[in-house]
Amino acid sequence: MSVMNQQVLPEAALPQPPYQENDEIDLRELFAALAARKWTIFSLTALVLLLSAAYAIFATPIYSSDALVQVEKKKPSLPLFDQLAAMDPSGAFDTGAEAEIEIIKSRFVLGKVVDSLGLDIQVQPKTFPLIGRYVFRTYRPEADEPPVRDPWLSSRWAWGGEKAQLSLLNVPDDWVDQNLLLRKTGADSFELLADDEPVIQGRVGEFIQQGPWAIKVEQLLGHDGVRFAVSKLSPYQAISNLLDQLTVKERGKKTGVIELSYLDPDAARARAILNEITQVYYDQNVRRLSQEAANSIAFIKTRLPELRRQLTEAEVALNRFRQQQGTVAIDEETKAVIERLTEVERKLQDIGLKEAEFSKRFRTDYPIYRALIEQKDKLQAERAAIEKQIKKFPDRQQELIRLTRDVQIANDVYTQLLAKQQELEVVQASTVGTVRILDQAITNPKPVKPKKPLIVAIGGMLGLMLGVGVVLVQRMLRQEIHNVAQLEETTGRPVYATIPEVPALVKQMRRSRSKEEKLPLLTEVVANDDPALESFRSLRTAVHFALLDDARPVLAVTGPAPGVGKSFVSVHLGLVAAQGEAKVLLIDADMRKGHIERYFGLSRSPGLSEVLAGDLPWRDALHRLGPNDLHLLTAGRYPPNPAELLMHPRFQALLDEARETFDLVIVDTPPVLAVTDAVIITHLAGATLLVCRAGVTEYGEATAALARLAQNGVNVKGLIVNALDTRSRYGYRYGNRYYYSASRYRYQASA
């Protein structure tokens, strides 16, 4: 029968998938899927775990140095503020730990540290990629070994002990924050390269300048050719790098104790940097407090000449009055008034000094400032009352009181300011600041980073999550067959048999990878009552009833794609059928990649391709297998045109003669979705079975194969599920795939 005359079924006759996927998550099914892909999960977990361990081993260790400073409550350096500072409810004289922390992290402090330690010049030896840094870091020369390790692969890399120290590096603005190379060219010579072009050449210890470039190398230790990465950082970048590794926080609440810590790959450098930070901070604190005393002294010095002039004028006026008026007696009442007025004026003078200082520090609405103004108003009111009382005295008494008051007030204020000036000079000379360094910087001998156990643990967790995620994504993207009931609902076809997986057979199959090696038979691996053989006996019964009313006892066994086990099913169905005293012919019609002969240790040729080519009669190419009445027609040599040979009338004639001679003819076909050969063969068969592999074949592949066959007039009787994992509740298994070629559906003939 010609394939060109095949009847095409209407669209309504095509298999329609009535199955609707349930959106509910079945945890047992999910765990079964994960268990089936346990080796994928284990492999990814192990891979990430190894990468994490490698990172933990090869990563550069980071050391931590820490120090403690105490910030005491700030006391005003100006003595006349002592009482008001004690009355200050808001703590205006106390900057607090928060403000001091910000001062420590300021450019004012860190900028001095950068300049002092030369942190704006970065020098790092160039090491071999990946493992070079680890090799360089772990080099510890013995007493009889050189300080620098001999080069391993190339002298351009640093392998251990190389060191370069620069005290000066000036570069053009375009090369600030850019990478440069310093290369040792001789015993004490070097060259500086920018974009692999030399810009400066010189000797160690010498100052060299060429235009905007300037450099001074203090030390250069290493073999000739070794290179160092050098960069001149901008102040902003240098301070930012310092801030990135610096942590400043108050230990506890309102304790005034500030904890500083610094991270660096070099333990000694971390300690030196942190000690410099604490020292610079301490020095600026002392300078800041002594500056306050200096400012107060300068203020007093500006007032002293004016007060001295006022005192002189008051004394001259009093003497002139006495010379003009003669001796004027001062009674007790007048003396008391003068003393009261003098005391009030003295207090007003003090408040005037305080007000002048406060105006530089506080707003007029500040509580201390308001209290001072209120006190001033009270004293002025008291002075007005005294002056009112004085007006009742005789004129000569009033004038004497006024002149005497002026002299006493001017003298008291002048003397007081002189004393305060001397006191502030003592304060300025003996200022110790409000900061005390409790603990000098000390470095933990053990690195704080990387935390190797934590990294390995996190790596293991991430690897496990990655493995589970990959399996779940694959499961979402590839809906492999794992549920027989779902397969029947999806395809609308009954499942004739489920062949359980036999682990022992799978292992032997894996070992028989060579094309010359014999493939193991199920009967050679398991006992006669094994469930796998029983499933084939059940399949034999189902096939018998499927072909009971068919005048053509020809059964075509096919599959959607390579690797589903259709040849395995064909061979063992033929063996079981022959054991039932039926005369069985097994035809390997897969002339492209057929390999049934390997199950019996036979040669491929002569076979079907020679018969269809007319080279010999088909009966002469048969092989009788074993004591049972089972015959095999192998695939034969690889033909260039297998589809054309199958369409030749000789193939139709072969099947017609075979069904007259044998009780059952089983034809193993190529995959349906790979090539058209299966359509030609199944159209000539009495019944067709589609083999699907659990955990490999997708539901979509099964329905696509059925649709392809239905479009060409082939009605598939039922399905066979192969390699079902009976250990799982759903028979869920991801088996090995035996690909015909690199592509899943590319099915080419072998030469």
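Everything discussed here concerns the structure shown above.
The sections below set out a description of the structure shown in this document. (Residues numbered from 1 in each chain as written. Predicted model: local features only at pLDDT ≥ 70, side-chain atom pairs only at ≥ 80, totals over all residues. Heavy atoms only, no water.)

**A word on the layout of surface pockets**
And then number 1: Its boundaries defined by the atoms lining it, the largest pocket holds a volume of some 1800 Å³.
And then number 2: Surrounding the largest pocket, 50 residues form its lining, Val123, Gln124, Asp264, Asp266 and Arg269 being those nearest its centre.
And then number 3: Looking at the lining of the largest pocket, the elements that each hand over two or more residues are helix H5 (107-117), strand S2 (121-125), helix H6 (132-137), strand S3 (163-170), strand S9 (227-232), helix H7 (235-245), strand S11 (257-264) and helix H8 (267-325).
And then number 4: The greatest single-element share of the lining of the largest pocket, amounting to seven residues, is contributed by S3.
And then number 5: Residues of the lining of the largest pocket, tallied by class, amount to 28 nonpolar, 10 polar and 12 charged. (1 Å grid on protein atoms, 1.4 Å probe; cavity = no way out; pocket = protein on both sides within 12 Å on 5 of 7 lines; lining within 4 Å. Points joined across faces, edges and corners; volume = space filled by probe spheres on them. Helix = DSSP H or I, 4+ residues; strand = E, 2+ residues; numbered from the N terminus. Nonpolar A, V, L, I, M, F, W, Y, C, P; charged D, E, K, R; others polar.)

**Some remarks on the sheet that holds strand S8 (residues 213-221)**
And then number 1: Taken in spatial order, the three strands make up an open sheet running S3-S8-S7, and their pairing is antiparallel. The sheet terminates laterally at S3 and strand S7 (207-210), the two strands that pair on one side only. The average undirected angle you get between the axes of adjacent strands in this sheet is 25°.
And then number 2: As paired strands, S3 and S8 are joined by seven bridges and run antiparallel to one another. Bridge pairing in S8 links Leu168 to Lys216. (Pairing = 2+ DSSP bridges. Axes fitted to C-alpha atoms, helices over the stretch in contact; angles between N-to-C directions.)

**Details of a nonpolar patch on the surface**
And then number 1: On the surface, a nonpolar cluster with roughly 410 Å² of combined accessible area is contributed by Ile57, Phe58, Leu130 and Ile131.
And then number 2: For Ile131, the position within the fold is in the loop between S2 and H6.
And then number 3: Exposure remark for Ile131: the relative accessible area of 40% places this residue in the partly exposed category. (Patch = residues over 30% accessible without salt bridge, like charges linked within 9 Å, V, L, I, M, F, W, Y side chains within 5 Å. Areas by Shrake-Rupley, 256 points an atom, 1.4 Å probe, with all protein chains shown as cover. Salt bridge = Lys/Arg side-chain N within 4 Å of Asp/Glu carboxyl O. Buried < 20%, exposed > 50% of the residue type's maximum accessible area, 1.4 Å probe, protein only.)

**Details of the packing of aromatic side chains**
And then number 1: Tallied over the full model, the rule gives eight aromatic pairs.
And then number 2: A ring pair is formed by Trp618 and Phe662, whose centres lie 6.5 Å apart and whose planes are at 55°; its orientation type is tilted. Taken together, the residues span a long stretch of sequence, with Trp618 in the loop between helix H17 (608-612) and strand S16 (623-625) and Phe662 in the loop between helix H19 (649-661) and strand S18 (664-668) at a distance of 44 residues.
And then number 3: When its relative accessible area of 7% is taken as the criterion, Trp618 is described as buried.
And then number 4: Among the aromatic residues, ring-to-ring pairing joins Phe128, Trp152, Trp157 and Trp159 into one connected group.
And then number 5: The ring of Trp157 is capped by Arg156, whose NZ or CZ atom sits 5.2 Å from the centre of that ring.
And then number 6: The aromatic ring of Tyr638 is capped on one face by Arg604, whose charged end is 3.8 Å from the ring centroid. (Phe/Tyr/Trp six-rings, centres within 6.5 Å; stacked < 30°, edge-to-face > 60°. Lys NZ or Arg CZ within 6 Å of the ring centre and 35° of its normal.)

**Some thoughts on the sheet that holds strand S13 (residues 495-500)**
And then number 1: What the eight strands build is an open sheet, ordered S13-S20-S19-S14-S18-S15-S17-S16; its pairing is mixed. The open sheet has two edge strands, S13 and S16, and neither has a second partner. Neighbouring strand axes in the sheet, compared pairwise and without regard to direction, differ in orientation by 25° on average.
And then number 2: Of the strand pairs in this sheet, strand S14 (residues 554-558) and strand S19 (residues 687-693) are connected by four bridges, and their pairing is parallel. Each residue of the ladder has a partner; that of Ala556, found in S19, is Thr688.
And then number 3: Packed onto the sheet, helix H13 (residues 484-491) meets S13 and strand S20 (718-724) and runs at close to 145° relative to S13. (Contact = heavy atoms within 4.5 Å.)

**Structural notes on the pairing of S18**
And then number 1: Counting buried residues along S18, five of its five residues qualify, which places the element largely inside the surrounding structure.
And then number 2: For S14 and S18, the ladder comprises four bridges, and the chain directions are parallel. Across the sheet, residue Val557 finds its bridge partner in S18, namely Asp668.
And then number 3: One ladder, built from five bridges, connects strand S15 (residues 584-588) with S18; its direction is parallel. Along S18, the bridge assignment pairs Leu585 with Val665.

**A word on the pattern of salt bridges**
When the charged atoms of two side chains with opposite charge come close together, those side chains can pair.
And then number 1: Within this structure, the stated rule accounts for 17 salt bridges.
And then number 2: As a salt-bridge pair, Glu218 and Lys216 come within 3.7 Å of each other at their nearest N and O atoms.
And then number 3: On the accessibility criterion, Glu218 (37% relative accessible area) is partly exposed.

Functional significance is not addressed by these values, which are geometric in nature.
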